[in-house]
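Structure at a glance
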Amino acid sequence: MRHLVTMSKPRILSQFSTTNGTSKSTTFSFPLLFSFLLVLSHGSFTTAETVTVNIGAVIDADSRVGKEQKVAMEIAVENFNNTSTQHKLSLHFQAAYAAEELIKEKQVQALLAATTWHQSALLADVSTRAQVPVLSLSAAAVTPPLAQLRWPFLVQLASNASHQVNCIASILKSYKWKRVIAIYEDDAYGGDSGMLSLLSEALQSSGTVIEHSLVFPPLSSVSNPDGFVRDEVAKLLVKKSRVFIVLQSSLSLATHLFREANGLGLVGRDSVWVVTESVSSFLDSVDTSVISTMQGALGIDQVYSESGGSFDKFRGKFKGVFRAEYPEEFSYEPGIHALRAYDSVYAIAHAIEKAGGSNRTQKVLLESILSSNFAGLSGEIRFDGGELILQRIPVFRIVNVIGKRYNELGFWSSDLGFREGNTSSYGSESMEAWSDSVHWPGKLRGVPKGWVMPTVATPFRIVIPGNSSFEKFVKVVWSDALGKGYSPPTGFCIDVFHAALSVLQRSYSLPYEFYPKNDTYEALVESVINKTYDAVVGDITILANRSKYVEFTQPFAESGLSMVVPAKPDESKAWMFMKPFTKEMWTVTFLVMVYTMVIVWFLEHQSNPEFRGPWKDQLSTALWFTFSSLFFAHREKIQSNYTKVVVVVWLFVVFVVTSSYTASLTSMLTVPRLQPTVTDIEWLRRSNATVGCDGDSFVKDYLRNVLLFENVIEVGNQENYPKKFKSGNITAAFLELPYEKVFLKEYCDEYTATGPVYRFGGFGFAFQKGSPIATDFSEAILTISENGDLKRLEERLFNQLTSCSNYNSTTTEVDSLSLQSFWGLYLTSGAISTLCFLFFLIRAIKKYCDSFRGNPGTMTPSRKGAWNRMARFVRFLRNGGIRSPARAPSIGRTQNLGARDSMKWELVSPSEISDDHLQGPRPPEIEIPTRSE
């Protein structure tokens, strides 16, 4: 049976809280009364088929956002009531603290939280207890943990700020601003501090950090907004960064903020202001007095579709109602807040329709809201876990405030990057190309530095070492004993600074003043860290722990720690002839020579009389042939073609090796050689020797903590090192490489460098962390390095040192030649010798087998045992079984032995020929001496 519900005609109630906490009804304006009558015209009687549903809305009626939201919600209610036949909406406006009143007295079935995330969280607490769904038009920058369990009836219609923050980070990265100041209006529930965390995380990839955060309480809670904002903004004057990011702000705070910042000179040359959607969305609605204080600021806001019949109808109706209700406003265009407000009412209305009539519960209504899926004016509306699902990646518009309004520069999205306004494609990772289109604060030409730049009135304060250990790098001549007056500083580092400055001044001027200071280098760097000075110029070593707190330029000189010790002449020349080759090289050379000797003997002693005879004669002949070939003095003739191949390759090896040996030995004998008195750092540690270093504390700490020296003393300056060495106070000195070069240039005949070099980052200038001037100086140093100016400064530095005119800092001891340079040559020689030996052996085996086939009465080798076959083969080789038939001398030739085909010769060793055989012709019959087997 259907329940009959008798209720009053649908109506729209508007109630706003007064400052004392009471409520009063407001009178309807004509457009609102017209809307009310329009509702009545569509249904003047409430029947059993129509159910009136009360919904509550919490807005800030005095703000531009609240005004837009109120009008948009009223239009949404009116549109729904005009089309729905089963339900009518009754909308009640109230302040946040009166939410419980809406639930208890008005029996609202849903709440709209159209203010800040802080107030949405308050409403969520109330709605959870009353089990009333609440739609929030704002979202936390970072969703609180367990939010869905804590506020099960909360539905967020807005997305978090992560994409918006990434857009800001991309803008900062485009212009390489390294230090920023974040400004936001406080939110007790973490909505805005969450944006600060998101921004800090997004900036990490580009190396940008948030130098300072200026936090304002809600401006409505401040009794004297002008004075309070002025005092807070004045705190920024002592900060070096001039890049200001307004993360979250009400329009009221933004108005006060820019007015006071202009009065204090913070919206001027070299400053940058970036505002987020919370401010930029109202640029169309504020008057020119506010716009005039924001000149040059960049703003971002999310792009939404302005095409389609639904939007056009809403826009036309909104402008008419808004103009009638708020004629004092400057603009009547709807913003993103109005679109979201309209979509929120639409979501609740259709959820009510879907949930049904009298049997509907609040949980059913909540589930119906969460299942929403429609295309709203602000975009696609779908939820997951109480949060809005983004159907596509948001696109943000980047605008530049100029004149009475603003210019649209382009667009950005996280997946496609930047797109300039007059182009149709994305793809750029930087908006630096837009620089010519941007009007910066103070009418600056070019990209602002985002930093406090020096002027003639406030020059750049540069501290320099007043007592450098090596004055060739930085020299300060004090005019009085108190160290107050001084002449202009000189030295290599000062020359590099001036050379880089001349390049830098092509872009902008840099007024500066030097401040010499007699202190440690750590203290000089610390004075930049604590912002006493803007930079330190000198022979400052780039170290990791220093780089954490200051900004170093590119190094202009290499740096490393090297050991310098007294030198003595090298008197160990008795065995100098052995030093051109390493021990390994000598050993392998000897082995290759012996191997070649054996191969030559084996190949020649079968057919060459000069390599036959007793074993000792054969060995001496082979050795003599091999050694004499080293000097190309061998006289023995070779007959085997295999031997000729081996000897040709061996002679080539001999030529290369002897030439290399001669060149290396010549270098060792002609280059002056000074031997260090100490070569081993380990020996210094074991003997607990005293070592010296300059006054830079990091060197002393490195020697003690890393190299583990116990006795380390500081040597005041360059002239004190020879005194300390001669007096025996130090055994070795550890100097950085630039110092070592200068020192050895002065004392090249007394001291030498030895041991390993422990590398560091080089010499550089240090600036305050995040200073863009450091980047400009780095580029200038690279420029003078590439055009040769830096090299000329180095040459001038060493040309001024004349004590050792023949010193060459690049001179090093000639190294012995190692096998690494010759192993390919030796491998080739050994491989060819082996191949020739194998070919010869194969030929011998073949002839050995053929000899049995020619004598059938002899047992074949296959019928004998292995050892017998091997012994027989060795005898075959020993007897010259494969030598080529060669005519013996006439004295060894038989005569009248029968037919020509029975003639036979036997080759004998020269050692077996007696003296009588060499005395000329003999009687016709001569006995040929033969060697007994």
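Quick caveat: nothing in here was measured; it's all calculated off a predicted structure.

**A word on helix 16 (residues 521-529)**
- Where helix 16 is concerned, the buried positions are Y521, L524, V525, S527 and V528. On an axial view of helix 16, the arc spanned by its buried residues comes to 155 degrees, and they lie on one face.

**Quick word on the pairing of strand 3 (residues 51-58)**
- Judged by how many residues are buried, strand 3 sits mostly within the fold: seven of eight residues are covered.
- Following the chain from strand 3 across helix 2 (residues 64-83) to the adjacent parallel strand 4 (residues 87-94), one finds a crossover that is right-handed.
- Strand direction decides the pairing type here: strand 3 and strand 5 (residues 110-113), joined by four bridges, are parallel. Bridged to V58 within strand 5 is A113.

**Notes on the pattern of salt bridges**
- Per the stated rule, a full pass over the model turns up 26 salt bridges.
- Between E329 and K67 there is a salt bridge, with its nearest N and O atoms 2.9 Å apart. With E329 in the loop between helix 12 (309-325) and helix 13 (336-355) and K67 in helix 2, the pair connects residues that are 262 residues apart, well separated along the chain.
- By relative accessible area, which is 10% here, K67 ends up buried.

**Observations regarding the UniProt feature "transmembrane region" (unreviewed entry) in the protein chain**
- Annotation from UniProt places "transmembrane region" (unreviewed entry) at residues 585-603, 645-663 and 823-845.
- Split by type, residues 645-663 is 100% helix and 0% strand. Its first and last C-alpha atoms lie 28 Å apart.
- Spanning residues 823-845, this segment combines 100% helix with 0% strand, and its end C-alpha atoms are found 33 Å apart.

**Observations concerning the sheet that holds strand 16 (residues 396-402)**
- Spatial ordering of the open sheet is given by 9-8-10-11-12-16-17-18, a layout of eight strands whose pairing is mixed. Among the strands making up the open sheet, the edge pair consists of strand 9 (209-216) and strand 18 (417-420). Averaged over all neighbouring strand pairs, the angle between strand axes comes to 25 degrees, with direction disregarded.
- Relative to strand 10 (residues 243-248), strand 8 (residues 179-185) is paired through four bridges, and the arrangement is parallel. Bridge pairing in strand 10 places A182 opposite I245.
- Across the sheet, helix 6 (residues 162-174) touches strand 8, strand 10, strand 12 (298-302), strand 16, strand 17 (405-413) and strand 18, and the angle it forms with strand 12 is around 150 degrees.

**Side note on the environment of S289**
- One can find S289 in helix 11 (residues 288-293).
- With a relative accessible area of 45%, S289 lands in the partly exposed category.
- In this structure the C-alpha to C-alpha distance between S289 and R259, which are 30 residues apart in sequence, comes to 9.4 Å.

**Quick word on the sheet that holds strand 20 (residues 512-517)**
- With mixed pairing, five strands are arranged side by side in an open sheet as 20-19-21-29-22. Taken across any chain shown, the strands that pair with only one partner, and hence form the sheet edges, are strand 20 and strand 22 (550-552). In this sheet, adjacent strand axes meet at a mean angle of 30 degrees when their direction is disregarded.
- Sheet topology places strand 22 next to strand 29 (residues 763-768); three bridges connect them, and they run antiparallel.

**As for the environment of S271**
- Locating S271 in the fold gives a position in the loop between helix 9 (251-263) and strand 11 (272-275).
- Setting aside chain neighbours within four positions, we find S271 in contact with R242, L266, P441 and P448.
- Engagement of the side chain of S271 in a polar contact is seen with the backbone oxygen of G268, the distance being 2.5 Å.

**Looking at the side chain of R242**
- On the secondary structure map, R242 appears in the loop between helix 8 (225-234) and strand 10.
- Despite being buried, R242 has no salt bridge partner; E211 is the closest side chain of opposite charge, sitting 6.9 Å away.
- Within the structure, the side chain of R242 is placed 3.4 Å from the backbone oxygen of L236, a separation counted as a polar contact.
- Contact partners of R242, with chain neighbours within four places excluded, come to L236, L237, L266, D270, S271, V272, G450, W451 and V452.

**Observations concerning the side chain of S249**
- For S249, the position within the fold is in the loop between strand 10 and helix 9.
- Among the polar contacts listed, one links the side chain of S249 to the backbone nitrogen of A254, at a separation of 3.2 Å.
- Not counting residues up to four positions away in its chain, the partners in contact with S249 are E185, A254, S278 and V279.

**Description of the packing of helix 12 against helix 13**
- Look at helix 12 against helix 13: their axes get within 12 Å of each other, and the N-to-C directions meet at 110 degrees. As judged from the angle between their axes, helix 12 and helix 13 are roughly perpendicular. Considering only the axes of helix 12 and helix 13, their crossing is right-handed. Contacts between helix 12 and helix 13 involve F311, F314 and F318 from the former and A338, L339 and Y342 from the latter.
- Among the residues making up the contact of helix 12 with helix 13, the classes are represented as six nonpolar, no polar and no charged.

Analysis parameters
Residues numbered from 1 in each chain as written. Predicted model: local features only at pLDDT ≥ 70, side-chain atom pairs only at ≥ 80, totals over all residues. Heavy atoms only, no water. Buried < 20%, exposed > 50% of the residue type's maximum accessible area, 1.4 Å probe, protein only. Helix = DSSP H or I, 4+ residues; strand = E, 2+ residues; numbered from the N terminus. Arc of directions from axis to C-beta. Right-handed = clockwise from strand over helix to strand, strands pointing away. Pairing = 2+ DSSP bridges. Salt bridge = Lys/Arg side-chain N within 4 Å of Asp/Glu carboxyl O. UniProt positions renumbered as here; feature names shortened; annotations may be inferred. Axes fitted to C-alpha atoms, helices over the stretch in contact; angles between N-to-C directions. Contact = heavy atoms within 4.5 Å. Polar contact = N/O pair within 3.5 Å; in protein donor to acceptor, adjacent residues only side chain to side chain. Lys, Arg positive; Asp, Glu negative; His and termini not counted. Parallel < 35°, antiparallel > 145°, perpendicular 65-115°, else oblique. Left-handed = near helix turned anticlockwise from the far one by under 90°. Nonpolar A, V, L, I, M, F, W, Y, C, P; charged D, E, K, R; others polar.

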